[in-house]
Amino acid sequence: MEKKSTDVAVSLSMVIRMPSSGINQGAQALLSYKYGSKNYDRVMQTAKTLLRAVIKEATTFILTISKFYGKSWRAFAIC
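These remarks concern the structure in this document. Residue positions within a chain follow its written sequence, with the count starting from 1. The model is predicted, so local features are restricted to residues of pLDDT at least 70 and side-chain atom pairs to those at 80 or more, both for listing and for counting; the totals for chains, interfaces and linings are taken over all residues. Computation of side-chain values covers all heavy atoms of the structure but excludes hydrogens and water.

## Examining the overall build of the protein
Next up, step 1: Where helices and strands are cited, they refer to DSSP runs of H or I of at least four residues and of E of at least two residues respectively, numbered from the N terminus. The secondary structure content of the protein amounts to 3 helices and 0 strands.
Next up, step 2: N-terminal to C-terminal, the α/β element order of the protein is α-α-α.
Next up, step 3: Only heavy atoms enter the contact rule, under which two residues are in contact if any of them lie within 4.5 Å. Of the contacts formed within the protein by residues at least 6 apart in sequence, a portion of 69% connects residues at least 24 apart.
Next up, step 4: Accessible area of the protein: about 6300 Å², with a carbon and sulfur share of 64%. Here the accessible surface of atoms and residues is derived via Shrake-Rupley with a 1.4 Å probe, and residues count as covered only by protein chains that are part of the display.

Put into structure tokens, the structure is as follows:
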């Protein structure tokens, strides 16, 4: 069975989204605790830190994929 380019694109997008998803799930407990204790300033501070972390992670991954485009493409393509 031949792997299509759309399969490779889906694989790469999953690699990008999975760490972001893990960061968000981990922060959910922190945000809930701070919100429940009515510490809204800390909720906003944590949310901003979370957003920065996810943007940095995604940007780093995209730049890495861009730099090593051919190698990363072959890693997900079964030939």
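More follows now that the structure is in view.
## Notes on the packing of aromatic side chains
Next up, step 1: The aromatic pairing rule takes the rings of Phe, Tyr and Trp, using the six-membered ring of Trp, and pairs them if the centres are within 6.5 Å, calling planes under 30 degrees apart stacked, those over 60 edge-to-face and the rest tilted. Across all of its chains, the model carries 1 aromatic pair by this definition.
Next up, step 2: Note on Y35 and Y40: the rings are 5.5 Å apart at their centroids and 65° apart in plane angle, and the pair reads as edge-to-face.
Next up, step 3: Categorising residues by exposure relies on relative accessible area from a 1.4 Å probe, with only protein chains included: less than 20% of the type maximum marks a residue as buried, more than 50% marks it as exposed, and the intermediate range marks it as partly exposed. Residue Y40 is classed as partly exposed on the basis of its relative accessible area of 42%.

## Considering the environment of M44
Next up, step 1: Relative to the assigned elements, M44 resides in helix α2 (residues 40-67).
Next up, step 2: Residues M44 and L31, 13 residues apart in the sequence, show an inter-C-alpha distance of 8.7 Å.

## Describing the side chain of S20
Next up, step 1: Here S20 lies in helix α1 (residues 5-36).
Next up, step 2: Judged by relative accessible area, which is 11%, S20 ranks as buried.
Next up, step 3: Two N or O atoms count as a polar contact when they lie within 3.5 Å, although within protein this holds only if one can serve as hydrogen donor and the other as acceptor, and sequence-adjacent residues are included solely when both atoms are side-chain atoms. For S20, the side chain forms a polar contact with the side chain of E57, separated by 2.9 Å.
Next up, step 4: Among all residues touching S20, those that are not within four sequence positions of it are V54 and E57.

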